[in-house]
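# Residue-level structural notes
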Amino acid sequence: MEDRLKDYYMSLGIDEKVYDYCSKVEEKLLSRFREIDKTAEKNQIKVIKAMQEARLAEHHLYGSTGYGYNDDGRDAVEKIYAAVFHTEDALVRQQIICGTHALTVALAGNLRPGDEILSVAGKVYDTLEGVIGVRKEKGSLAEYGITFQQVDLRPDGSWDYEGIRNAINAHTKIIEIQRSKGYDVRPTLSVAMIGDIITFVKSIKPDVICMVDNCYGEFVEEQEPSDVGADLVVGSLIKNPGGGLAPIGGYICGRKEYVEQAAYRLTTPGIGKEAGASLGVSRQFAQGLFLAPNVTASALKGAIFASNIYEGLGFKTVPDAKVERHDIIQAVEFGRPELVQAFCEGIQAAAPVDSFVTPEPWAMPGYDSEVIMAAGAFISGSSIELSADAPMKEPYAVYFQGGLTYPHAKFGIMMSLQKIVEKKLILW
Ligand SMILES: *Cc1c(COP(=O)(O)O)cnc(C)c1O
């Protein structure tokens, strides 16, 4: 059996030495993988329970057109999301075009001129800086008289309680808590840590809205931020909760009045959640959510496999090979552009789609250096599918994430190492 597996990999260009090293690393991870499977099992049952309680039925899987009034499938999916996240309500729509849009709708729907946003985990995600107006953009919230403050985490990654207490004022309306570190260097927040800060800020200002940017965190733990007091949790359907099947979309789950306010912003005052045709996408939303706990587990295993492979070769990985995970992003610091290029070539060469193309660095709008990206995804830009990107500048770190199945994530990492070995970029 084992030998035939090796033959398969070798037929795709993996050397025996790469295969043997990777197999040895993987063997040591099996007990950790078991823990991840246990979390996935609990989340899977949670999702099935939500579907059963919503009485999800075959007729929900067909879509509506036009205004989309009385779209039972869309409403059932939203009921299921609310049940999974244990919230009063949910807005789950393909008219939300990405994660940034979902966050924008949640913020703009709930803020009024004179209000202030406070980010308690430091810098917000790049695209949100434009939305808020930290970076000047047309139509930003700043243009509507909404202000922004941020308090950084302390150097050891803990909350700056005093700084947060001092920053909260009469105008503070929304506390923004970004769960995943994104492309920042700080650690990703655990759900427990998020619960801790929500309790703290509510003790100072009980009516403040705690909104969590949940991107890349869904189903990594048993609990979601909404289980520990978040008033709104927001994310993208082409990441974890879409399970690789959702072709577009975003979600906003939380307290009924805040979800409604967001809906009035997404559609119009007066219409809110009542309209918005699903165009048949409810099937992928529901089936994707059904698969999401297992898909997230696969991506997590891939991330842990990668950090162990590359840490074993002497590279710095973030998070490191041993620590507990709170999102699916893995960074590897290569220190040299050729290594970044080879890594990305390997990820691309292992893809099911566009495996024959070679990724090249390019000057992407909005970035201050060239960026290289590897992705061979069924859904364009989907980052729950195996993908990697890297700004071509110091410290030459690659960020990669996803993998709808663990074997694919594993193959991608093996192929990345294969390319590095072939180009003689490491002593081996
Ligand atoms: C992906 C992501 C977003 C939203 O990004 P989109 O590309 O607009 O979907 C926001 N915050 C974090 C932390 C993310 O990882």
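Report on the accompanying structure. Everything numeric here is computed off the predicted structure, so don't read it as measured data.

### Points about the nonpolar core
Where a protein is soluble and globular, its nonpolar side chains tend to be buried together. Membership of the largest hydrophobic core comes to 58 residues, with the highest contact counts inside it found for Ile309, Tyr310, Phe334, Phe343, Ile413, Leu417 and Ile420. Non-local contacts of leucine 417, meaning those with residues more than four positions away in its chain, are made with Val18, Tyr21, Cys22, Ile309, Tyr310, Leu313, Ile426 and Trp428. Counting residues in hydrophobic clusters, the runner-up holds 46 residues, among them Phe85, Leu118, Ala167 and Leu289.

### Remarks on the site of the ligand
Around the ligand sit Cys98, Gly99, Thr100, Leu103, Tyr125, Gln178, Asp213, Cys215, Tyr216 and Lys239, and those are all the residues in its vicinity. A distance of 2.6 Å is found between a nitrogen atom of the ligand and a side-chain nitrogen or oxygen belonging to aspartate 213. Contact with the protein chains removes 87% of the 380 Å² of surface that the ligand exposes when unbound. Sorting elements by how many residues they give to the shell around the ligand places helix H5 (residues 99-110) first, with three residues. For the shell around the ligand, the per-class residue count stands at five nonpolar, three polar and two charged.

### A look at the packing of aromatic side chains
Here the structure, examined in full by the defined rule, presents 16 aromatic pairs. Centre to centre, the rings of tyrosine 9 and tyrosine 19 are 5.8 Å apart; their planes meet at 45°, and the pair counts as tilted. Of the two residues, tyrosine 9 sits in helix H1 (residues 2-11) while tyrosine 19 sits in helix H2 (residues 16-27), which places them ten residues apart along the sequence. Residues tyrosine 9 and tyrosine 19 agree in their burial class; the two are buried. Ring centres of tyrosine 310 and phenylalanine 334 lie 5.3 Å apart, and the angle between their planes is 90°; this geometry places the pair in the edge-to-face category. With tyrosine 310 in helix H10 (residues 282-311) and phenylalanine 334 in the loop between strand S9 (330-333) and helix H11 (337-349), the pair connects residues that are 24 residues apart, well separated along the chain.

### Let's talk about unusual backbone geometry
For the peptide bond that leads from valine 318 to proline 319, omega is -5°, which places it in the cis range. Tracing the sequence through the fold places proline 319 in the loop between strand S8 (316-318) and S9. Here glutamate 394 and proline 395 are connected by a cis peptide whose omega angle stands at 0°. Following the sequence through the fold, proline 395 ends up in the loop between strand S11 (387-391) and strand S12 (397-401). One non-glycine residue, tyrosine 216, adopts positive backbone phi at about 75°. Mapped onto the elements of the fold, tyrosine 216 is located in the loop between strand S5 (209-213) and strand S6 (232-236). A positive phi is found at phenylalanine 219, a non-glycine position, where the angle reads about 70°.

### Section: the layout of surface pockets
In this structure, the largest pocket occupies an estimated 1,200 Å³ of space. Residue contributions to the lining of the largest pocket peak at five residues, all from S11. Its residues placed into classes, the lining of the largest pocket shows 22 nonpolar, 14 polar and ten charged. Here the lining of the largest pocket spans two domains, since at least three of its residues come from each of domain 1 (2-43 + 294-422) and domain 2 (63-289). Computed from the structure, the second largest pocket encloses a volume of approximately 320 Å³. Around the second largest pocket, the lining is made up of 15 residues, and of these Glu35, Ile36, Thr39, Val220 and Glu324 lie nearest the centre. Elements with a contribution of two residues or more to the lining of the second largest pocket: helix H3 (30-53) and H10. In terms of residue count, the dominant contributor to the lining of the second largest pocket is H3 (six residues). Of the residues assigned to the lining of the second largest pocket, the class counts are five nonpolar, two polar and eight charged.

What counts and how
All residue numbers refer to position in the chain's written sequence, counted from 1. Residue-level local features of this predicted model are given only where pLDDT is at least 70; pairs of side-chain atoms are given and counted only at 80 or more, and the full residue set underlies all totals for whole chains, interfaces and linings. For the side-chain quantities, the full set of heavy atoms in the structure was used; hydrogens and water were omitted. Each nonpolar core is a collection of buried residues, namely Ala, Val, Leu, Ile, Met, Phe, Trp, Tyr and Cys, held together in the definition by side-chain atoms within 4.5 Å. Categorising residues by exposure relies on relative accessible area from a 1.4 Å probe, with only protein chains included: less than 20% of the type maximum marks a residue as buried, more than 50% marks it as exposed, and the intermediate range marks it as partly exposed. Should any heavy atoms of two residues lie within 4.5 Å, those residues are counted as being in contact. Note on terminology: near, applied to a residue and a molecule or strand, indicates that one of the residue's heavy atoms is within 4 Å of it. The definition of a polar contact used here is a pair of N or O atoms within 3.5 Å, where within protein one atom must be able to donate a hydrogen and the other to accept one, and adjacent residues in sequence count solely through side-chain atom pairs. Only the protein chains shown count as covering a residue, and every accessible area follows the Shrake-Rupley method with a 1.4 Å probe. Where helices and strands are cited, they refer to DSSP runs of H or I of at least four residues and of E of at least two residues respectively, numbered from the N terminus. Classes in brief: Ala, Val, Leu, Ile, Met, Phe, Trp, Tyr, Cys and Pro nonpolar; Asp, Glu, Lys and Arg charged; the others, Gly included, polar. The pairing test for Phe, Tyr and Trp rings, Trp by its six-membered ring, is centres within 6.5 Å, and the orientation test on the planes gives stacked under 30 degrees, edge-to-face over 60, and tilted for anything in between. Detection works on a 1 Å grid of protein atoms alone, calling trapped sets that fit a 1.4 Å probe cavities and calling open sets with protein on both sides within 12 Å along at least five of seven lines pockets, with lining residues defined by an atom within 4 Å of a point. Grid points are joined across faces, edges and corners, and a volume is the space filled by probe spheres set on the points. As used throughout, domain bounds are those supplied by an automatic or database domain assignment.

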